[in-house]
Structures are given as structure tokens and as C-alpha cells.
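Each chain is listed here by its residues.
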Number of protein chains: 2
Amino acid sequence: MSLALGPVNKSSLSKQVADQLQEAILDGSLKADDRLPTEDELAKRFQVSRPTIREALKRLAAKNLIRSRRGPTGGTFVNHLGTSELSDHLTTASTLYVSMNQISLPEVSSTRLEMESLCCQLACTHRTDADLEKMEFELGQQLDSRISPEDFCAADVRFHRAIAEASHNRMLSFVMYTLIEALQPVANMIAYRFREREIITGQHKRLLGAIREQNKTLACAIIAEQITYLDQLHEEAQESHQQKQT
Amino acid sequence: MSLALGPVNKSSLSKQVADQLQEAILDGSLKADDRLPTEDELAKRFQVSRPTIREALKRLAAKNLIRSRRGPTGGTFVNHLGTSELSDHLTTASTLYVSMNQISLPEVSSTRLEMESLCCQLACTHRTDADLEKMEFELGQQLDSRISPEDFCAADVRFHRAIAEASHNRMLSFVMYTLIEALQPVANMIAYRFREREIITGQHKRLLGAIREQNKTLACAIIAEQITYLDQLHEEAQESHQQKQT
DNA sequence: AAAGTTAATTTGTCATACAAATATAAAATA
DNA sequence: TATTTTATATTTGTATGACAAATTAACTTT
């Protein structure tokens, strides 16, 4: 890890420090679970004050790149960056992006339709028994009519994530996590209505069957059916919302 | 904007403050270009010290949610969150994810192939004159053999981004930004060899033509050709790398 | 009236001190 | 001796106060 301050930069010191540390993590000088020097030590090496170092560390913490603990064996450590660790990071990004730019649902759902179809095709080919079990488990959760709408939603998210994972393409899974989250507000809405819950779980049941039998065409058709159905519900909800306002 | 500290939370104060401010941005209490209170004012309202407030602000700055300027008319402002503003954020996430999880290039490139084909199809339908101009401009940059490898890469990224934008589906563009970045290391490698540069720009020229003429089939074929070509180069590079080691 | 100068405001940085958490080692107790 | 308690050192978390740097607005001078 090279800790010399580079050429003169107009940006703030804390940003410069953060960028250098991030660089060190990115190029592998700092590996997962490595412990950074203490804040005092960093302050000495970078020739800046501790508050400045702390601001830099908080920037990295916001990106989930590091974690800190107090105490003698504590300190600041480099995080593992798995799909799940990235998901809250991505969730805020995608949710924010979708909400702040008022991206229309068709834009989201059409993209998701294409991507999830791709997932299903790959899943049909590559799904393992473990994948099927995971999907079965989440489906079981959804079938339980006693669970709360929140839990239903969470199980729904996990079911779709399981499909993504079953593709055994980690890049595709990574992207799908973003899309699943972005469509979640609509799914949340649905979870409060029991009739719709039955329809969704019915689709999931058939989808699981199709993937088990490795029937790509059928699986894609069911995905299309579900997303079209969600679009439709969203449209209805918006209409009734507009009626309320008039 | 509600500035009361919520229920007791074990997480650090700076994180709590950051979360509340982010919430305010997310739910629209703080809109783009709104100015936050001064740091002293925030410190008073949240009943914490200024360094703590600053740590919180740096967390949000790391996510590109805010920007700050000094001076009487300065202060901290809420950012617009466009695709490009998010790209920093996403770039580190995707690059890190790919490198830390040792995701194989086929996983990335196969995903990108599917997604970019989709982009091309939509771009053929929806491309405007402005889209075509943008692509032409970036292609022009690439044709100039005097530019540095770094500039060539940057122009390449912008060219592919322009294709994504031409789809006029913001969600798809958003996702594509991630994938383009993730494949960049390979593209970087190529930029240092002039022969390959010519081949790539040739493909781009034909691709632009296909999109102009709205020939979906041709456009997709060229994308497939390019990505296959990149995979091949990567494979060769790895082989020669292994030879060196033996 | 135009130009330069000063003052005020706000973020950026620093120095120092103390609080809180936590692991280790020492000491007291059963 | 074994176990619990206590002290202690280390490290992050927070607070206070001060000054520097940037930048705008008002004022003064030519």
C-alpha cells in the first residue's frame, strides 16, 4: 500500500485519502478482512489530521467497502463484497434513481422481462437440486396465508433472486438484484390484497415446475405473464388514484 | 424535513444522521438543488457536534447525493441523480464485485451480449438524430489515430453508453452502465495495440450504420461479433500470460 | 461609474481532549 | 488451583474550539 500523497489535487484532502484507500482495495493491495492501520497511524502517514482521516473512512464506509470495531483488537477492516453485501448498496442506488428520475414502470418492467427470461432459460439448463430446494422453500413461505404482507414480499424477492442464482451466471445475478429491487414497490402494493397473492403464488408454482422440467419456453411464458399482470395491476391502481384526486 | 432524532439506535451518530438525511432526499422532502442548512445549523438541530455532521455529509457525498461549495452563497446542496452521476458509485461496485469474486469473463460478456443486443434493437427503433450525432462524434474521436490509449478507451465507453441511451429506456441504460464498466479492463488491454483498435472502430462504424438504417438483425450480429472478438483476445492474452509464467 | 478593498459567511482542516467499547493481563476470591 | 473480578491498554466515537481558504456582497476610492 503506497501511502504517499500524489500530485497536487484541488479536491478535498479527505476525498484524496478516500480515493487512495479505495484504489488500494481495488487493485488488491488491501484484501478482504485486512486491517487498515489505526486512524492515528493513517493520520501520521497521510500527514493529515484524524478528523480528516475519519471523513475519508466514512466515505468508504458509505460504499460498504470497510467496517470498523472499537477496542484493542478492533480497527477498520476491508469488507467482503458478495452479492448480498452489495444489495443494500445497490438498492438505495436503484431505488433512488428510479424515484428521482420518475422512471416509468414500463421502462423497468420491460427490462426486467427480458432479463428474467434470460435467467429462466439459463436456470432451466443449469439449475441444481439445491437451487430447486431453495425455490421450493420460498414458495412454501408464500403459500402460507398467515404470513404478513411484509414477509410475503421478502419471500417473493428471495424467490426471484433464487431464479437469478440458478442461472449460475454471477454477473447476471448481480444485475438482476438491481432490477428485482426496482420493481419491488409495485410488488409491495400487491401483497396487501389476498386475491392477487394467490395468483402470484400460482404463477410461481408453475414457474418452478417449468424450471424443474427444464422447459424453457414455458418458463419464459410464465415470466411474461407475471410481469404483464403486474403492469396491469399498476395501471389499475394509478387509475383509481387519479379518480380519487378528481 | 423532520430533524428529530428517532428511536435509540446502536449505530453511530453520523450514520443515523446520514440515514435521516438520505431518507429526506428519498421521500422528496429535500429536492434536487435544495440547500441544506449550514453545518453549524445541522449540528444544533441534530444535537451533535460539527465533525459528526461532517462525517454524515461525507457519507452522502460518497454516494453522490450531495455536493458542497464554500463561501457565503455556498453550502451543501442536493444533487440531481442522473445516470452519469450514479456511474461512479456503480463503477466501483461492479468493478469490485467482478474482481473480488473472480467472476469469469464469459459470465460478464455473455450477459453483456444479451443486454447490448436488446439495447441495439430498441435503439434501432427509437434512435433520434441527436443519438446518431453523439455516436458519430465518439466514433470520430476513435478514428483519430493520434489520441492516447486512455482517450481511446474513454471514447469507446462513451460510444457504448450512447447506444444504451439511444434505447430510450432509462432502466436499461442504468444497467448497461454497470456492464460496460465491468468489461472495461479487457477493452483497456486492447487499446494498447493499434491493429485491434482498427478492427474495433471498423465494427463501430458498421454498427452505427446499422442503427441509422434501423437494421436490427445486422446491429445485433455486429455486437455479437465484437464481444466474441473481445473474448478471443482475452483468451489469447491469458495464454501468453501463462506461457510467461512457465 | 468602475475598480479595487474589506468584511462576512460557509466549508475545509487541525489539535486536543474525553467517552465508550472491548480484549488482554493481572489480581482477588472461592 | 480454577474462576471470577478488576484493572488497563487500545482503538474507534464524539465534542470543543480555533483557524484557513474560498467566495460573495458591500463599501470605498479613484
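This text goes with the structure placed above it.
Residues numbered from 1 in each chain as written. Chains lettered and ligands numbered in written order. Predicted model: local features only at pLDDT ≥ 70, side-chain atom pairs only at ≥ 80, totals over all residues. Heavy atoms only, no water.

Asks: Account for the protein's contact with DNA strand C, with residues named and values stated.
Replies: Around DNA strand C, 26 residues are found, and the nearest of them are Leu13(A), Thr52(A), Pro72(A), Thr73(A) and Arg50(B). Take the atoms of DNA strand C that sit within 4 Å of the protein: sugar and phosphate atoms are 66% of them. At a separation of 3.0 Å, a phosphate oxygen of DNA strand C approaches a polar backbone atom of Ser49(A). Between a base oxygen of DNA strand C and a side-chain N or O atom of Arg50(B), the distance comes to 2.7 Å. (Near = heavy atom within 4 Å. Polar contact = N/O pair within 3.5 Å; in protein donor to acceptor, adjacent residues only side chain to side chain.)

Asks: Tell me about the environment of Glu39(A), and name the residues and values.
Replies: Residue and element names in this part refer to chain A. Among the secondary structure elements, Glu-39 is positioned in helix α2 (residues 39-46). Separated by 36 residues in the primary sequence, Glu-39 and Gly-75 place their C-alpha atoms 8.2 Å from one another. Glu-39 has contacts with Arg-50, Ile-53, Arg-54 and Leu-57, leaving out every residue within four places of it along the chain. (Helix = DSSP H or I, 4+ residues; strand = E, 2+ residues; numbered from the N terminus. Contact = heavy atoms within 4.5 Å.)

Asks: Just give me the short version of α2(A), but keep the residues and values in it.
Replies: Residue and element names in this part refer to chain A. Among all positions in α2, only Glu-39, Leu-42, Ala-43 and Phe-46 are buried. Projected onto a plane normal to the axis of α2, the buried residues spread over an arc of 100° and lie on a single side. Looking at the buried side of α2, the elements it contacts are α1 (13-26) and α3 (50-62). Following α2 by one or two positions, Gln-47 has its phi on the positive side, about 60°. (Buried < 20%, exposed > 50% of the residue type's maximum accessible area, 1.4 Å probe, protein only. Arc of directions from axis to C-beta.)

Asks: Outline the packing of helix α7 (residues 149-166) of chain B against helix α10 (residues 194-212) of chain B, supporting the account with residue identities and numerical values.
Replies: The description of two packed helices rests on the angle between their axes and on the distance between the axes. Residues and elements named next belong to chain B. At a closest axis distance of 12 Å, the pairing of α7 and α10 adopts a crossing angle of 20°. Considering their axes alone, α7 and α10 lie roughly parallel with respect to each other. Where α7 crosses over α10, the handedness of that crossing is left-handed. Only Arg-197, Ile-200, Thr-201, His-204, Leu-207 and Ile-211 of α10 make contact with α7, whose side of the interface consists of Pro-149, Phe-152, Asp-156, Phe-159, His-160 and Ile-163. Taken together, the residues of the contact of α7 with α10 break down into seven nonpolar, three polar and two charged. (Axes fitted to C-alpha atoms, helices over the stretch in contact; angles between N-to-C directions. Parallel < 35°, antiparallel > 145°, perpendicular 65-115°, else oblique. Left-handed = near helix turned anticlockwise from the far one by under 90°. Nonpolar A, V, L, I, M, F, W, Y, C, P; charged D, E, K, R; others polar.)

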